[in-house]
Structures are given as structure tokens and as C-alpha cells.
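Architecture and fold: a report
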Amino acid sequence: MMEDKPAFKLDGYYKWITVNGVRYDTDIIIHTDGSITERDETISFPYKDDFFHIPLSERELGFIEEEKPEKIIIGSGFKAMLPLTLGAKEILKPYNYVEKMTTDAIQMINNERSRFVAIMHIKC
């Protein structure tokens, strides 16, 4: 358990999520240092025809190796419809990663104290 790891308080519903009271209307990434960035799903747009949805692809995960999280939490949407490409699964395989519906991922993050990365899909 990391004592200096910031605690997070998340809430959310379809098409929005709050992190420590700040509202986001787009997919987000919570980084190991506590910073939050918007997920740039356009990077994975070329895979859309194969999945009928814009997936989370290996193209989006270049930062993972540098951050070295203990855990990766993927909020896969409120209907759990965010697919992962095979390349993304290969990158994530060495890490302790979980895919959950976004509502369940929110609860997990609210209790998480390890060094983690969270990728939160707030739609479907």
C-alpha cells in the first residue's frame, strides 16, 4: 500500500464522471501520479469497423510501460461494451488488470490504494 498515493472519490453515470468533484464529459485516464487526462479514442478509430465500436487499442497504451502501475482498472462503459484489441490485451497481460462495468470500476477506484492506472469509458 502506498501512503503517498492520493485517494480518489469518483461518481458517474452515463456520459459523465466526476473525480474528486471535477466533472468530465469524456473518457478519462487516471495516471499513477494522480493526474487525469482525456482518453484520445481517435487513436483507435481505425479498429472501429472490426469491433462495431471504437475499442481500446495498443495504440493508446504506450504510457503504461513508463508508469509501471501495480494494477490497471478498465471501466468498460455503463453497458460494458468497450472492447479491447488483441494487441491491447497483449500489452496488459503482464499487469494485474481488470475490466469492469464503469459503475463497478468507480467503486473499485474509490477503495483502491495501490499504484494504479484507470481507463474509464463513460458511454455504452
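Before any of the text, the structure's been laid out above.
Summarised in this report is the structure supplied together with it. This one's a predicted model, so the numbers in the text were calculated from it and none came from an experiment. (Residues numbered from 1 in each chain as written. Predicted model: local features only at pLDDT ≥ 70, side-chain atom pairs only at ≥ 80, totals over all residues. Heavy atoms only, no water.)

Next up on the list: the sheet that holds strand 1 (residues 10-13). Pairing within the open sheet is antiparallel, and its three strands lie in the order 1-2-3. The open sheet has two edge strands with one neighbour each: strand 1 and strand 3 (22-24). Between one strand axis and the next, the sheet turns by 20° as a mean value, whatever way the strands run. In this sheet, strand 2 (residues 16-19) lies alongside strand 1 in antiparallel orientation, the contact comprising four bridges. Bridge pairing links Tyr13 to Trp16 in strand 2. Along the sheet, helix 4 (residues 102-111) contacts strand 1 and strand 2; its crossing angle with strand 1, the most-contacted strand, is approximately 175°. (Pairing = 2+ DSSP bridges. Helix = DSSP H or I, 4+ residues; strand = E, 2+ residues; numbered from the N terminus. Axes fitted to C-alpha atoms, helices over the stretch in contact; angles between N-to-C directions. Contact = heavy atoms within 4.5 Å.)

Strand order in the open sheet made by the five strands is 5-4-8-6-7, with mixed pairing throughout. The strands lining the two open edges of the sheet, one partner per strand, are strand 5 (36-38) and strand 7 (96-100). Averaged over all pairs of adjacent strands, the angle between strand axes in this sheet comes to 15°, irrespective of strand direction. Bridge analysis of strand 6 (residues 71-76) against strand 7 gives five bridges, and the strand direction is parallel. Within strand 7, the residue paired with Gly75 across the bridge is Lys100. On top of the sheet, helix 4 reaches strand 4 (28-30), strand 6, strand 7 and strand 8 (116-121); it is set at about 145° to strand 6, its chief contact.

Membership of the largest hydrophobic core comes to 16 residues, with the highest contact counts inside it found for Leu10, Ile17, Ile30, Ile109 and Met120. Breaking this core down by element, the ones donating at least two residues are strand 2, strand 4, helix 4 and strand 8. Among the nonpolar cores identified, the runner-up in size contains 13 residues, and Leu56, Leu61, Leu82 and Val117 belong to it. (Core = buried A, V, L, I, M, F, W, Y, C linked by side-chain atoms within 4.5 Å. Buried < 20%, exposed > 50% of the residue type's maximum accessible area, 1.4 Å probe, protein only.)

Turning next to the packing of aromatic side chains. Two numbers describe a pair of aromatic rings. These are the distance of the centres and the angle of the planes. Following the criterion strictly, the structure yields two aromatic pairs and no others. Look at Phe8 and Phe116: their rings are 5.7 Å apart centre to centre, the planes differ by 75°, and that puts the pair in the edge-to-face class. Here Phe116 lies in strand 8 and Phe8 lies in the segment before strand 1, a separation of 108 residues in the sequence. (Phe/Tyr/Trp six-rings, centres within 6.5 Å; stacked < 30°, edge-to-face > 60°.)

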